[in-house]
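Now for the letters of each chain:
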Amino acid sequence: MGGITGNAIVVRITAALLVLLAFVPLLHNSYDENLGRSVLMFATLSMGWNVIGGYTGYVSFGNVVFFGIGAYTTAALWQHWHSQSIALSVACAIVAGVAFAVVLGVPILRLRGHYFGIATLGIALATQEIISNIDWLGGGTGVTIRQLDDYSAYYYAMWAVCAASMLASYLISRSKLGYAFVAVRENEEAAAVLGVNPTRYKVTAWAISAAMAAAAGAVFAGANGFMDGPTAFAIDNNVFPIVMAILGGVGTVAGPLVGALILTAINETLWSHFPQIHTLFFGAVIVLVVVFLPRGILWLLAVRGGWKGVLASVGAYRV
Amino acid sequence: MQLFWQDLVNGLLAGGIFAVVALGFSLVWGIMNIINLAHGAFIMLGAYVAYVMFTAWHVDPFLSLPVAFVVLFALGYAIQRYIINFVVRAPILTTFLLTFGLSLLVVNVALLIFHGDIKGIETSYSGSNFSIGSVTIAWVKLWTLVAALAITALMQVFLTTSRTGRAIRATAQDVDAAQLTGVRVAHLYAIVFALGAGLAGAAGVLISLSYSIEPTMGDPFVITAFVVCVLGGLEACRARSWAVSSTAWWRPSGRSTSERACRMRSRWSCCSWF
């Protein structure tokens, strides 16, 4: 797949869905609000992953690190400076996330393919342990965060973060930055020969991805009211965004949000009707998606031949 | 000081299991470029095979080793040939996610069938041990190490001398060229994956003797297998498999950080032998 596919109609429909999501708090239903906030959070994480994994081609299994850092920023701001300001925590989280991404990125992004994925996975596991042992951040017991009286503020904040991420993804896809990312993905050596500094653009991609994840984490911590190691660095927050991006369409603009919506819908339906076996169904969904739609649902719109084209392509990667 | 030697011996004995786990993992990774996240699920299935055979038919776990190997071999062959084969040449992300989904599937099916309570295998010789000086060695762990070494040696012999082993090594070098020389690659990939799964099953039987059995037991071993493969390399030859098992001792234990530091130090000293 080449470039960053942004089917104009799909992007507009997705943007419309996003706008619709902004009205969920008006339903005054806390279940719907929590669900909507969860969708927006995963969509943001997924868009963040899409920048480094989809546009740049460096599959990262460690974006949850930035999410956790963002979450702990809010926790620390409350614990030590008694600040409940969402804007301040998002700003500080972005700074912290980007700093971490740059510091980590320069050495780690030298790795390619499998090794980069494993390195980021290792970082994710290690960071959880390290932060759980820092007492200034709450140590093993975690930090209880006092929530704002107007709980819907967290929903609107998450929506704002998601909308900003979507806008950023869209703008990147149409800018020179986006072309540089795709050049690195397609052939890093050729890009270097043509004057695109791979290290600079890889680190930039990871920093953007980190900013999105950290912002989502910052708002999540406030909404959750409690933060400790396992909550901040939960493996779900690591894997789900990747599955959502794949389901929607890796490297597309609207893919992550579409994937987040669909997967959350599937997950909630399964969880509410089949509580014992919903993870089993989830595993089956992942297997089916990967085998039949390796390039995501949005690719269905792009492939020639419609359904028959999809079925014919199922065997494209076999031996 | 006494703790150091005891730790050293414990590490040596545990290394055998990790070597078998890593051997299966590295076989699949090295030849098909697939990181098999379902390896832990296969280990768990092997352990449950041993458990079922022990509780239902009173078969000693060491005797159910070949049974577990065969069962997991068949399962691995079917999974590779009919599921993973569709994406075997796809980018790594696709196979990574597919094996992750399979892992979720298998673990949850096991959870449904066997439920989450922790089980164990206690044989007549489970607690017995002997001492060399101040170091105590459990008989079970010693026999586990012997079995692990035997399995590794058998794999080594198979890969170097048999015709299938040569075909496997040829496919690892160049898939298309191997296909041109008459190797049925789909079948061979399935054999390789099945071997990896079988080894995981055998490792699971060995693990069931010393560790507790529950549906998520395989995950820590897979993570260690990652580390072992990266540090020890991906080729499955005898010298390397020793390096693999030596680095396998370097695994974190869930105790206090100071204790962990002591253990790491002792195990690193073993690694330096190789």
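Quick caveat, the model's predicted, so the values are computed rather than measured.

Observations concerning the overall build of chain B
Scanning chain B from terminus to terminus reveals 11 helices and two strands. Taken from the N to the C terminus, the helices and strands of chain B come in the order α-α-α-α-β-β-α-α-α-α-α-α-α. Relative to its 274 residues, chain B shows a buried fraction of 49%.

Concerning the overall build of chain A
Helix and strand counts for chain A come out as 15 helices and two strands. In terms of overall size, chain A behaves like a compact globule, its C-alpha atoms giving a radius of gyration of 19 Å where 319 residues would be expected to give roughly 20 Å. For chain A, the spread of C-alpha atoms along the three principal axes comes to 55 × 50 × 35 Å. Relative to its 319 residues, chain A shows a buried fraction of 50%. Sequence separation of at least 24 residues holds for 79% of the intrachain contacts in chain A that already meet a minimum separation of 6.

Section: helix α5 (residues 139–161) of chain B
Helix length check: α5 of chain B (23 residues) gives 33 Å between terminal C-alpha atoms against 33 Å at 1.5 Å per residue, within 8%. Turning to α5 of chain B, its buried residues are Val140, Lys141, Thr144, Leu145, Ala147, Ala148, Ile151, Thr152 and Met155 of chain B.

Notes on the nonpolar core
Ala214, Ala215 and Val219 of chain A together with Val20, Val21 and Val192 of chain B are the most contacted members of the largest nonpolar core, which totals 190 residues. It is helix α9 (residues 198–224) of chain A that contributes the most residues to this core, 18 residues altogether. Once residues lying within four places of it in the same chain are set aside, the contact partners of Val20 of chain B are Ala148, Ile151, Thr152, Leu199, Ala202, Ala203 and Leu206 of chain B.

Regarding the confidence of the model for chain B
Residues and elements named next belong to chain B. The pLDDT averaged across chain B works out to 82; a share of 84% of its residues lies at or above 70. Predicted confidence for residues 236–240 stays below pLDDT 50, and this span has 12 contacts to residues more than four positions away or in other chains. The low-confidence segment residues 249–274, where pLDDT is below 50, has 32 contacts with residues more than four positions distant or belonging to other chains. Here the complex is predicted with pTM 0.82, and the ipTM for its interfaces comes to 0.80.

Here we look at the packing of α5 of chain B against helix α8 (residues 185–210) of chain B
Residues and elements named next belong to chain B. Between α5 and α8, the least distance of the axes is 10 Å, while the angle of their chain directions is 170°. It follows from the interaxial angle that α5 and α8 lie roughly antiparallel. Across the interface between the two elements, Val140, Lys141, Thr144, Ala147, Ala148 and Ile151 of α5 pack against Ala202, Leu206, Leu209 and Ser210 of α8. Grouping the amino acids of the contact of α5 with α8 by side-chain chemistry returns seven nonpolar, two polar and one charged.

Quick word on the interface of chain B and chain A
With 28 residues of chain B in contact, the opposing surface of chain A contributes 25 residues. Only α4 (92–114), α8 and α9 (219–232) of chain B provide two or more residues apiece to the side of chain B that touches chain A. Considering every element that reaches the side of chain B that touches chain A, the biggest residue donor is α4 of chain B, with 14 residues.

Notes on the pairing of strand β2 (residues 135–138) of chain B
All names here are of chain B. The pairing of strand β1 (residues 129–132) with β2 spans four bridges and is antiparallel. The partner of Phe130 across the bridge, within β2, is Ile137. If you look at the hairpin formed by β1 and β2, you'll find two residues sitting between the two strands, and Gly133 has a positive phi there, around 65°.

A word on the packing of helix α12 (residues 255–273) of chain A against helix α13 (residues 278–292) of chain A
All names here are of chain A. Two elements in contact, α12 and α13, have axes whose closest approach is 9 Å; the angle formed by their N-to-C orientations is 150°. Both α12 and α13 take part in a crossing whose hand is right-handed. Along its contact with α12, which presents Ile266, Asn267, Leu270 and Trp271, the element α13 presents His278, Phe281, Phe282 and Val285. Partitioned by chemical class, the residues of the contact of α12 with α13 number six nonpolar, two polar and no charged.

A look at unusual backbone geometry
Even without being glycine, His82 of chain A reaches a positive phi, approximately 50°. The residue His82 of chain A is located in the loop between α3 (64–81) and α4 (86–108) in this model. The backbone of His58 of chain B sits at a positive phi, close to 55°, despite the residue not being glycine.

Concerning helix α1 (residues 8–21) of chain A
Helical periodicity: at 3.6 residues per turn, an α-helix aligns residues three or four positions apart in one direction. Residues and elements named next belong to chain A. Between its terminal C-alpha atoms α1 stretches 20 Å, which fits the 20 Å expected from 14 residues at 1.5 Å a residue. Within α1, the full set of buried residues consists of Val10, Val11, Thr14 and Leu21. All buried residues of α1 lie within an arc of 100° about the axis, which places them on one face of the element. Turned more than 90 degrees off the buried face of α1, the exposed positions are Ala8, Ile9, Arg12, Ala16, Val19 and Leu20. Residues of α1 that are buried sit in contact with α2 (30–55), α6 (152–173), α12 and α14 (298–302).

Thoughts on the environment of Leu298 of chain A
All names here are of chain A. Summarising the element assignment, Leu298 is placed in helix α14. Judged by C-beta crowding, with 25 C-beta atoms within 10 Å, Leu298 ranks as buried. With 31 residues separating them in the primary sequence, Leu298 and Asn267 have C-alpha atoms 20 Å apart.

Re the environment of His273 of chain A
All names here are of chain A. With respect to the secondary-structure elements, His273 resides in helix α12. Judged by the 10 C-beta atoms lying within 10 Å of it, His273 falls in the exposed class. The spatial distance from the C-alpha of His273 to the C-alpha of Ala126 is 36 Å, given a sequence separation of 147 residues.

Some details on the environment of Trp159 of chain A
Note that Trp159 of chain A resides in helix α6. Setting aside its immediate chain neighbours within four residues, Trp159 of chain A contacts Leu21, Ala22 and Leu40 of chain A.

Each value, and the rule that gives it
Residues numbered from 1 in each chain as written. Chains lettered and ligands numbered in written order. Predicted model: local features only at pLDDT ≥ 70, side-chain atom pairs only at ≥ 80, totals over all residues. Helix = DSSP H or I, 4+ residues; strand = E, 2+ residues; numbered from the N terminus. Buried ≥ 20, exposed ≤ 12 C-beta atoms within 10 Å, placed from the backbone. Rg over C-alpha atoms; globule rule 2.2 N^0.38 Å. Contact = placed C-beta atoms within 7 Å. Expected span 1.5 Å × (residues − 1). Core = buried A, V, L, I, M, F, W, Y, C linked by C-beta atoms within 7 Å. pLDDT = per-residue confidence, 0-100. Axes fitted to C-alpha atoms, helices over the stretch in contact; angles between N-to-C directions. Parallel < 35°, antiparallel > 145°, perpendicular 65-115°, else oblique. Nonpolar A, V, L, I, M, F, W, Y, C, P; charged D, E, K, R; others polar. Pairing = 2+ DSSP bridges. Left-handed = near helix turned anticlockwise from the far one by under 90°. Arc of directions from axis to C-beta.

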